[in-house]
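# Per-entry structural report
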Amino acid sequence: MGLTNQQVGMNVIDSDLEIVKNSPDDIVVALAGNPNVGKSTVFNALTGMNQHTGNWPGKTVANAQGSHSTDEFDYVLVDIPGTYSLMAHSAEEEVARNFLCFGEPNLIVVVCDATCLERNLNLVLQTLEITSQVIVCVNLYDEAIKKNIHVDLDALSKELGVPVVSTVARRKNSLNKLTKCMDDTVNNPPQNQSRVIYPDVIEDAIAIVQPVIEEQFGNKLNTRWLSLKLLDQDDSLIHEVNAYYECDCLENPVLKQALKRAQVLLKDNEIFNDQLKDIIVSSIVEKAQEIAKETVSFDQSSYDKKDRRLDRFFTSKWTGYPIMILLLALVFWITITGSNVPSTLLSNFLFGIEDKITDIFMYFNAPSWLHGFLVLGVYRVLAWVVSVMLPPMAIFFPLFTLLEDFGYLPRIAYNLDKPFKKCCACGKQALTMCMGFGCNAAGIIGCRIIDSPRERLLAIITNNFVPCNGRFPTLIAMISMFFIGSAGLSSSIISALLLTGIILVGIFFTFLSTKILSKTVLKGVPSSFTLELPPYRKPQIGKVIVRSIFDRTLFVLGRAIIIAIPAGALIWLMANITLGDISLLAHCSNALDPFARLIGLDGVILIAFILGFPANEIVIPIIIMAYLAQGSLIEFESLVEMKQLFVLNGWTWLTALNVMLFSLLHWPCSTTILTIKKETNSWKWTALSFLLPTLTGIIICFIVTQIGTLFL
Amino acid sequence: MNQFENLNCLNIGDKGKILQLNSTGAIRRRLLDIGLINDTVVECVGKSPSGDPCAYSIRGAIIAIRHEDCENIIIDRHPKGSS
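Since the model is a prediction, treat every value here as computed from it, not as a measurement.

## Digging into the confidence of the model for chain B
- Taken over all residues, the pLDDT of chain B has a mean of 86, while the share at 70 or more is 90%.
- For this predicted complex, the interface confidence reaches an ipTM of 0.92, while the overall pTM sits at 0.85.

This is how it looks when you write it as structure tokens:
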């Protein structure tokens with residue numbers, strides 16, 4: 001019952017990127033840019049719902065694609081991960097660089113942040129070294145004006161030798177300028193892009209190598225750029241170049257000799273590899289500085305005062321941590337209170353339909369096994385999944401996206417870097433944890449933002465300790481049934497605090513296991529770390545809600561439903577096929593029961609968790625179904641009666657607590673496992689990612705049960 | 001008189017000019033990439049709750065850098081208030 005990559009939405013990463021063109025004339029446009037410049041906003045605004053892959057929480061980690069048409073042309077837009085430079089450091093930067101260098105886009109739009117243009121020009125200049133088919137899109141132009149920053153677009157265009165447009169991506173009509181410019185650029189490709197001029201010795205060295213490359217390999221890649229990269233001995237890039245030319249280009253004798261001559265020249269002038277790298281980077285930065293000086297004017301005195309005030313509030317010694325926890329609790333509180341009513345309405349509605357369907361079956365005298373299989377099995381599980389899972393997701397996802405849009409998530413990484421450093425890990429792991437709240441698989445792909453492979457592995461293996469959106473409703477249901485007496489404000493606050501507490505338990509285990517791993521199998525010292533704290537931005541509430549519901553909620557729910565249908569059928573069959581004198585389900589649950597009791601669960605719950613392997617969302621519905629199918633003789637039509645059903649099957653608060661703990665601490669779902677395998681490329685780490693949370697869960701539930709029974 | 005110190009010597013609001021980057025390897029490239037070349041003026045704009053990392057304003061962007069990495073960034077410190 002494994003999910004295909006198509007369903008996971010991850011089939012377009014790395015080198016196996018396939019551009020989906022509707023017709024061969026489609027023009028492929030790559031959207032490049034530094035992180036946090038609103039690149040994805042441009043992408044979303046242009047492609048609307050015409051996306052082949054959705055964007056996941058946090059940032060673009062894979063190349064997302066979509067289409068856009070103007071009167072003149074049809075475009076395929078590719079949103080590549082944000083990167084500061086094309087001299088890649090991390091896995092996701094490599095994805096970006098590889099697509100720009102070897103993906104052969106017809107056009108590259110470099111999206112820049114107008115409020116911080118100089119830094120963005122670094123990437124622009126590096127892109128111009130590869131191709132002249134570039135448009136510079138100066139985004140966030142409104143914010144720049146607000147901050148008294150003025151960019152002379154004409155001068156900038158003249159300096160760079162390529163078209164420049166200003167946009168305010170959140171205002172969709174301002175993008176007309178960009179699309180018009182795309183049309184114009186396709187019609188009249190720019191020819192004379194500006195280039196960074198390096199010190200004479202390096203230029204001489206390039207002059208030795210460049211003609212040889214032209215002669216041996218042709219002009220398919222920019223030869224000046226390639227000469228520089230070969231001199232720079234950028235190993236990961238050379239690897240890609242070889243793959244591109246389908247040969248080991250350093251083995252070419254003519255080129256080898258030219259490179260040797262150039263290197264001797266450099267060495268004679270005391271430029272060794274390290275110095276060469278420095279000089280290359282410095283030349284680009286200096287050129288960017290020079291251009292910015294000519295084209296940007298600003299009144300520096302006050303332009304980011306508000307951001308600094310907010311930062312003092314969100315990251316100070318006294319308020320930083322409490323606010324973080326309070327915000328988390330607030331998000332949970334809104335989710336819990338908000339999802340109560342719609343859940344009840346949905347379940348009433350869906351079970352109302354069930355009665356109607358039953359009537360139809362009766363009318364046609366359908367055999368009772370068919371009714372049982374389709375209605376009591378398949379339909380019911382579906383109805384449970386939708387009514388229990390949909391409302392909390394539909395509230396939690398948008399709320400979380402709002403925080404992300406506002407710019408708060410990098411502050412979490414900033415606040416938590418020290419604790420992570422103590423565990424020999426990286427503060428960016430906090431960002432990947434945040435993404436894990438949405439979906440662990442997304443969080444694990446997100447780990448590409450971590451430079452050091454060791455720290456990235458730590459983040460991947462421990463990501464599952466953060467409960468994803470599929471597990472929240474389980475936690476919420478348990479809390480509201482077994483730990484909170486009545487409805488009302490105070491009880492909803494207590495629920496939110498309890499849920500926060502459970503999350504903190506998960507975070508505690510993240511730290512603990514990260515620490516243990518980095519002292520054992522993943523030994524190492526914390527590597528260096530830089531993290532950008534982007535400006536705070538007013539979230540676009542309307543868009544966030546629409547996007548997070550379409551991109552995330554429906555996607556996750558769809559996956560749950562696909563799993564729920566066969567799972568519902570299976571459970572019904574197991575409950576109704578008898579072997580000897582008891583059902584198959586009873587056989588299985590009896591077999592698992594002794595073990596399950598040890599960790600405070602029962603056989604049915606454990607079966608539900610096992611069947612929930614493809615999607616955690618179906619755990620509670622399966623438990624309900626299994627109990628009902630085992631012949632609990634209660635009239636069961638609403639959420640209110642759910643607790644009664646559980647209690648009849650021997651649940652206590654201790655059972656509920658263990659269900660919560662086990663939901664927090666057990667194996668990752670199948671999608672996540674597949675993602676881990678894909679990202680780590682190792683069965684060993686995948687197995688560890690499976691075993692670590694599972695064993696933790698079993699041990700913790702065992703301890704809690706043994707202590708808990710003393711109080712019962 | 002200006003003293004030669006590293007980036008950690010800056011308190012919030014202090015500015016310094018980069019004199020020398022002693023970092024090596026990947027972090028060196030990273031720091032150069034964000035524009036930390038010689039003569040760049042850097043301002044310390046914040047400290048995280050535990051005091052490490054700190055946030056610096058570098059060429060218009062706010063970048064957090066860890067204590068250990070700051071040690072290798074040698075600066076010429078200006079007293080508060082000067083540009």
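After that view of the structure, there is still more to cover.
## A few points about helix α14 (residues 320-363) of chain A
All names here are of chain A.
- Helix length check: α14, at 44 residues, gives a terminal C-alpha distance of 64 Å against a target of 64 Å (1.5 Å per residue), a fit within 8%.
- Its axis deflected by about 35° at Ser339, α14 carries its strongest bend there, up to four residues before the proline Pro342.
- Count one or two residues on from α14 and you reach Asn365, which has phi positive near 55°.

## Considering the environment of Ala91 of chain A
Residue and element names in this part refer to chain A.
- Inspection of the secondary structure puts Ala91 in helix α3 (residues 91-102).
- Along the primary structure Ala91 and Asp451 are separated by 360 residues, whereas in three dimensions their C-alpha atoms are 7.0 Å apart.
- Beyond its immediate stretch of four places on either side in the chain, Ala91 contacts Arg448 and Arg456.

## Observations regarding the sheet that holds strand β1 (residues 4-6) of chain B
- The sheet built from 7 strands is open, its strands ordered β9(A)-β5(B)-β4(B)-β3(B)-β2(B)-β6(B)-β1(B) with antiparallel pairing. Across the chains shown, the open sheet's two edge strands, defined by having one partner strand only, are β9 (530-532) of chain A together with β1 of chain B. Mean inter-strand twist for the sheet, computed between neighbouring axes without regard to direction, equals 40°.
- Of the pairings in the sheet, the one linking β9 of chain A to strand β5 (residues 61-65) of chain B comprises 3 bridges and is antiparallel in character. Its bridge partner being in β5 of chain B, Thr530 of chain A is matched across the sheet by Ile65 of chain B.

## Quick word on the pairing of strand β5 (residues 134-139) of chain A
Residues and elements named next belong to chain A.
- Of all 6 residues in β5, 6 are buried, a share of seventy percent or more.
- Relative to β5, strand β4 (residues 107-113) runs parallel, the two sharing 6 bridges. Looking at the pairing, Val109 lines up with Ile135 of β5.
- After leaving β4, the chain enters helix α4 (residues 117-130) and then returns to the sheet as β5, a path that is right-handed.
- Alignment of β5 against strand β7 (residues 164-166), held across 3 bridges, turns out to be parallel.

## Considering the packing of helix α13 (residues 305-315) of chain A against α14 of chain A
Residue and element names in this part refer to chain A.
- Look at α13 against α14: their axes get within 6 Å of each other, and the N-to-C directions meet at 85°. In terms of orientation, α13 lies roughly perpendicular with respect to α14. Contacts from Phe313, Phe314 and Thr315 of α13 reach α14 at Gly320, Ile323 and Leu327.
- Split into classes, the residues belonging to the contact of α13 with α14 amount to 4 nonpolar, 2 polar and no charged.

## Description of empty space enclosed by the protein
- Under the counting rule described, the total for this entry stands at 8 cavities of 30 Å³ or more.
- Space inside the second largest cavity adds up to approximately 150 Å³.
- If you trace the second largest cavity, you find 21 residues lining it, with Thr115 and Pro535 of chain A together with Gly60, Ala61 and Ile62 of chain B closest to the centre.
- Of all the secondary structure elements, the ones that give two or more residues to the lining of the second largest cavity are α4 and α13 of chain A together with β5 of chain B.
- A class-by-class count of the residues in the lining of the second largest cavity yields 9 nonpolar, 4 polar and 8 charged.

## Some words on the interface of chain B and chain A
- Listed per partner, the contact involves 31 residues of chain B and 44 residues of chain A.
- Of the roughly 3300 Å² buried between chain B and chain A on both sides combined, carbon and sulfur atoms contribute 50%.
- At the boundary of chain B and chain A, one finds 8 salt bridges.
- With a shortest N-O distance of 2.9 Å, Lys421 of chain A and Glu68 of chain B are connected by a salt bridge.
- Viewed at the interface, chain A and chain B are joined by 19 residue pairs in polar contact (both at pLDDT 80 or more).
- Within the residue set of the side of chain B that touches chain A, elements represented by two or more residues are α1 (25-33), β3 (41-47), β4 (54-58), β5 and α2 (67-70) of chain B.

## Things to note about the sheet that holds β7 of chain A
Residues and elements named next belong to chain A.
- One open sheet holds the 6 strands; their spatial order is β2-β3-β1-β4-β5-β7, and the pairing between them is mixed. The outermost strands of the open sheet, each flanked by one partner alone, are β2 (64-69) and β7. Each adjacent strand pair in this sheet contributes to an overall mean axis angle of 25°, direction not counted.
- Pairing geometry for strand β1 (residues 27-33) and strand β3 (residues 74-79), over 5 bridges, is parallel. Opposite Val28, over in β3, you have Val76 as the bridge partner.
- The strands touched by α4 are β1, β4 and β5; relative to β4, the strand with the most contacts, the crossing angle is about 165°.

## Description of a nonpolar patch on the surface
Residues and elements named next belong to chain A.
- Judged by side-chain polarity, Phe595, Leu598, Trp653, Leu691, Leu695, Ile699, Phe702, Ile703, Ile707, Leu710, Phe711 and Leu712 come together as a nonpolar surface patch covering roughly 1200 Å² of accessible area.
- Of all the secondary-structure elements, those providing two or more residues to the nonpolar patch are α23 (584-598) and α29 (683-711).
- Broken down by element, the nonpolar patch gets its largest block of residues, 8 residues, from α29.
- Looking at the secondary structure, you find Leu691 in helix α29.

Parameters at a glance
Residues numbered from 1 in each chain as written. Chains lettered and ligands numbered in written order. Predicted model: local features only at pLDDT ≥ 70, side-chain atom pairs only at ≥ 80, totals over all residues. Heavy atoms only, no water. pLDDT = per-residue confidence, 0-100. Helix = DSSP H or I, 4+ residues; strand = E, 2+ residues; numbered from the N terminus. Expected span 1.5 Å × (residues − 1). Bend = angle between axes of the 7 residues up to and from the residue. Contact = heavy atoms within 4.5 Å. Pairing = 2+ DSSP bridges. Axes fitted to C-alpha atoms, helices over the stretch in contact; angles between N-to-C directions. Buried < 20%, exposed > 50% of the residue type's maximum accessible area, 1.4 Å probe, protein only. Right-handed = clockwise from strand over helix to strand, strands pointing away. Parallel < 35°, antiparallel > 145°, perpendicular 65-115°, else oblique. Nonpolar A, V, L, I, M, F, W, Y, C, P; charged D, E, K, R; others polar. 1 Å grid on protein atoms, 1.4 Å probe; cavity = no way out; pocket = protein on both sides within 12 Å on 5 of 7 lines; lining within 4 Å. Points joined across faces, edges and corners; volume = space filled by probe spheres on them. Buried area = accessible area lost by both parts, 1.4 Å probe. Salt bridge = Lys/Arg side-chain N within 4 Å of Asp/Glu carboxyl O. Polar contact = N/O pair within 3.5 Å; in protein donor to acceptor, adjacent residues only side chain to side chain. Patch = residues over 30% accessible without salt bridge, like charges linked within 9 Å, V, L, I, M, F, W, Y side chains within 5 Å. Areas by Shrake-Rupley, 256 points an atom, 1.4 Å probe, with all protein chains shown as cover.

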